[in-house]
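Listed below are the residues making up each chain.
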Amino acid sequence: MKRLFHFLLVLGLASIPSCTGQASQKSPLKEITVAELKLRAIDEVNAADWSSGFESVTYPNKASPLTITDDQRFQMSFAIRDSDRVDQQPHQVFVRIASATKELILVPFVDSLKFFKLDFDLKSKAGQLDNASGRYEVSLIVGDAKVKPILWTIANVHLKFNGEPIRIPDYYEQKPEIVHMFREPEKRPHVFVSNVFSLAVVLLFVVMLLLWTRVGISFGNVTASSLLFQASLAVILYIEYLFYLGNDMFTTLRYLTWAAPFALFFGRRMLAHLAKIEEQ
Amino acid sequence: MKLLLAISLSLFALASAVPGETLVLVDSLSFRDTHSQFFNFLEERGYKLTFKQADDSTLTLKKYGEFLYKHLILFTPTTEEFGGTINVQALTEFIDNGGNVLAAVNSRVGNVMKELAAECGFEVDSEGNQMFDHHNYDVYLDKGDHTVIAFDSSQVIDVPAMIGTKKLEPMLFSGIGLITDRKNPLVTTVIRSSATAYSAPASKAVTSTPLVAGEKGALVASLQARNNARVLFSGSLSMFSNEYLDAVVKTNGDLMAVKSGNKDLVESLARWVFKETGVLRYSDVKHGGPYTVMDNASFSMKVEMLDNAGKWIPYDAPSIQLEFVRIDPFVRTEMKREANDGTYGVTFKVPDVYGVYRFKVDHRRRGYDNLVVASQVSVHPLQHTMYERFIPAAKPYYWSAFSMMLGLFVFSFVFIHHKEPASKHKKE
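Thresholds, definitions, all that
Residues numbered from 1 in each chain as written. Chains lettered and ligands numbered in written order. Predicted model: local features only at pLDDT ≥ 70, side-chain atom pairs only at ≥ 80, totals over all residues. Heavy atoms only, no water. Helix = DSSP H or I, 4+ residues; strand = E, 2+ residues; numbered from the N terminus. Rg over C-alpha atoms; globule rule 2.2 N^0.38 Å. Buried < 20%, exposed > 50% of the residue type's maximum accessible area, 1.4 Å probe, protein only. Areas by Shrake-Rupley, 256 points an atom, 1.4 Å probe, with all protein chains shown as cover. Lys, Arg positive; Asp, Glu negative; His and termini not counted. Charge placed at Lys NZ, Arg CZ, Asp CG, Glu CD. Arc of directions from axis to C-beta. Domains from an automatic or database assignment. Contact = heavy atoms within 4.5 Å. Salt bridge = Lys/Arg side-chain N within 4 Å of Asp/Glu carboxyl O. Polar contact = N/O pair within 3.5 Å; in protein donor to acceptor, adjacent residues only side chain to side chain. Pairing = 2+ DSSP bridges. Expected span 1.5 Å × (residues − 1).

### Things to note about the overall build of chain A
Right, on to step 1. Regarding its fold elements, chain A presents 4 helices and 10 strands.
Right, on to step 2. What you see in chain A, going N to C, is helices and strands ordered as α-β-β-β-β-β-β-β-β-β-β-α-α-α.
Right, on to step 3. The C-alpha atoms of chain A give 51 Å as radius of gyration, which overshoots the globular expectation for 280 residues (19 Å, by more than 25%).
Right, on to step 4. For chain A, the spread of C-alpha atoms along the three principal axes comes to 160 × 50 × 25 Å.
Right, on to step 5. Burial statistics for chain A: of 280 residues in total, 37% are counted as buried.
Right, on to step 6. With an accessible surface of roughly 17700 Å², chain A has 62% of that area assigned to carbon and sulfur atoms.
Right, on to step 7. Positive and negative side-chain charges of chain A, numbering 30 and 28 respectively, have mean locations separated by a distance of 5 Å.

Dropping the structure here:
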């Protein structure tokens, strides 16, 4: 008798239409179904009228693909009923809009006629989806301790956001490689051009020699001191040439300290000789 | 620089924990029995566990300014306040000083644990909420409310340093959901929730979006602080229990396991959080210098990591990034493994801008210690003899200089030695 009473009590608990609450023990799960599901994407101005423009989908079929832009609203309405066509409100009724990396979970509200309704402005969810336009799946997740769960992929939607996609930098990501941009060498004239000008410079020297042959020169004043002066001048010029080739300043100065007194000494002798000739 | 090296080496030596002193705080000492397999595993690995009741009035982490423990296990879901001198400040100070924390709660999460989680960059759902998954619950252990949820390795982060290299069988979880701040780079979602799972109160149907729902939710999260201290926060204490470690998993979905993967998972996670895996150290930092602009610079260093047996073995990353920084990085390149002893190195051309530079390594890899090395070097400008010479385009200038020199010689020779012919004078 006591056992029968207990059995009746359990049966009574299980038959309460609203099947929320923590079940204390396992009982067979009730079959439920989603009925009268309809959905649409609609502009703000026409959003208040729920009477037309919806696509109806029957469980477990799939709706035709849908595009939602971020100035539109997404609206959806459905009922959840058991096999006796009694409206149910399970613990979990979520609409999940997700791509491989982004996810948005929404909880529909229940209206006075026990219909679940979802009505949201895509722009308001842009932040949660990081403004990532692209293909998403809309699915309905229904679960409760006492019913068989439903996971129904209702439709593929294409979401279009106006804003720039938000990217959160990954701390562990390899940073991009940086290659230093070296200063570009300045553009230089062609070697041919510099050769032509070098030739012009050398030609001037040759012109001087040619003109001398026309004027006529003679070497009547050769003395030992003048030749030695010329030799020391040649040495000084040669030291300067070595400086150009790569000697540093200090070596050059050291060599010059040796060469300069000779030039000074013989130069003075040579000038004295010249002055003597002038006097005569 | 040598001093810096020595200091950082000794820091690493301190941080690379061989099993050590561990304080285990529990709500009830019965956890020693219900979670004995997990504790035995730690003791076998050499950890010295000190069990204390969470409200013990003699609790303290520090004595004479020194920390008494290296690691801390907080199996204290319901504790509202710890006894003795332990509070959230003491715990964060412990972490700031390199201590590692393993914490687990369940649906009855106390205030102090929520605050600790918040300090570490996680948020625990409201007290009393539970993680549900009506699509993946375990048919054996679940009591009919679908809170003993099963998850598989696809939901576990794929970082071998954290979860081991073994393939994980489906695992069980029951507790509360967490969320991680995705903008906090130090926080990692170790186990994410499934798309159909959510954390909510059991008493009534969910009418507003739960804090933790879908794949953004976390079941277990971790923090690796900038000082390489590690924190692991689990929404489920049962995950570590003997019951779940030994469980046979069979879900209403398609997950199934003769023995749950919980044992492999919690053992790997414990080894990670107590710094047995993913621990790095460096030595032998070598580079030349001072350099002159556009020289070739070379830098090399040796990096090692701890292996399963607690020995230092060569690090296995294929490359480590190196920056050459003067306020901003001028060069960022990859050091490749040069030798099998874990030496990484690279040679690159120094920029044509002189100044004081730093070689800088800031190696980050999820699950591993951060490796930060810096060494200063100066880059000189060119000396006056180092510029380019004998430029073909400047040939006219060279020739004009030489012809001037030759001209000076020849002209002076002629000027000095020239003698006007005498005949001319006579004519005049």
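### Observations concerning helix α5 (residues 111–120) of chain B
All names here are of chain B.
Right, on to step 1. Along α5, the positions that sit buried rather than exposed are Val112, Met113, Leu116, Ala117 and Cys120. The buried residues of α5 occupy an angular sector of 140° when the element is viewed end-on, so they sit on one face.
Right, on to step 2. Looking one or two residues past α5, Gly121 carries a phi angle of roughly 95°, positive in sign.

### Considering the domain arrangement of chain A
Right, on to step 1. Split by domain assignment, chain A resolves into domain 1 (26–160) and domain 2 (223–280).
Right, on to step 2. Using C-alpha coordinates to define each centre, domain 1 of chain A is positioned 104 Å away from domain 2 of chain A.

### Focus: the interface of chain A and chain B
By convention, interface size is frequently given as the accessible area that disappears when the constituent parts associate.
Right, on to step 1. Counting residues at the interface gives 75 residues for chain A and 82 residues for chain B.
Right, on to step 2. Between chain A and chain B we count 5 salt bridges in total.
Right, on to step 3. For Glu388 of chain B, the salt bridge identified is with Arg188 of chain A, shortest N-O distance 2.8 Å.
Right, on to step 4. Along the contact surface separating chain A from chain B lie 30 residue pairs in polar contact (both at pLDDT 80 or more).
Right, on to step 5. Elements represented by at least two residues in the side of chain A that touches chain B include exactly β5 (92–98), β6 (103–106), β9 (134–144), β10 (147–160), α2 (191–215), α3 (224–245) and α4 (249–279) of chain A.
Right, on to step 6. For the side of chain A that touches chain B, the leading source of residues is α3 of chain A, giving 12 residues.

### With respect to the sheet that holds strand β2 (residues 55–57) of chain A
All names here are of chain A.
Right, on to step 1. The 5 strands lie next to each other as β2-β1-β4-β8-β7, forming an open sheet whose pairing is antiparallel. Since the sheet does not close on itself, it has two edges, and those belong to β2 and β7 (109–110), each with one partner.
Right, on to step 2. As paired elements, strand β1 (residues 32–43) and strand β4 (residues 72–82) share 10 bridges and run antiparallel to each other. Counted as the bridge partner of Arg40 is Gln75 from β4.

### Some words on α4 of chain A
Right, on to step 1. Spanning 31 residues, α4 of chain A covers 43 Å between terminal C-alpha atoms, matching the ideal 45 Å at 1.5 Å per step.
Right, on to step 2. Listing the buried residues of α4 of chain A in full gives Thr251, Thr252, Ala259, Ala263, Phe266, Gly267 and Met270 of chain A.
Right, on to step 3. Along its buried surface, α4 of chain A packs onto α3 of chain A together with α9 (395–417) of chain B.
Right, on to step 4. Where α4 of chain A starts, the residue carrying a side-chain oxygen 3.2 Å from the main-chain nitrogen of Phe250 of chain A turns out to be Asp248 of chain A.

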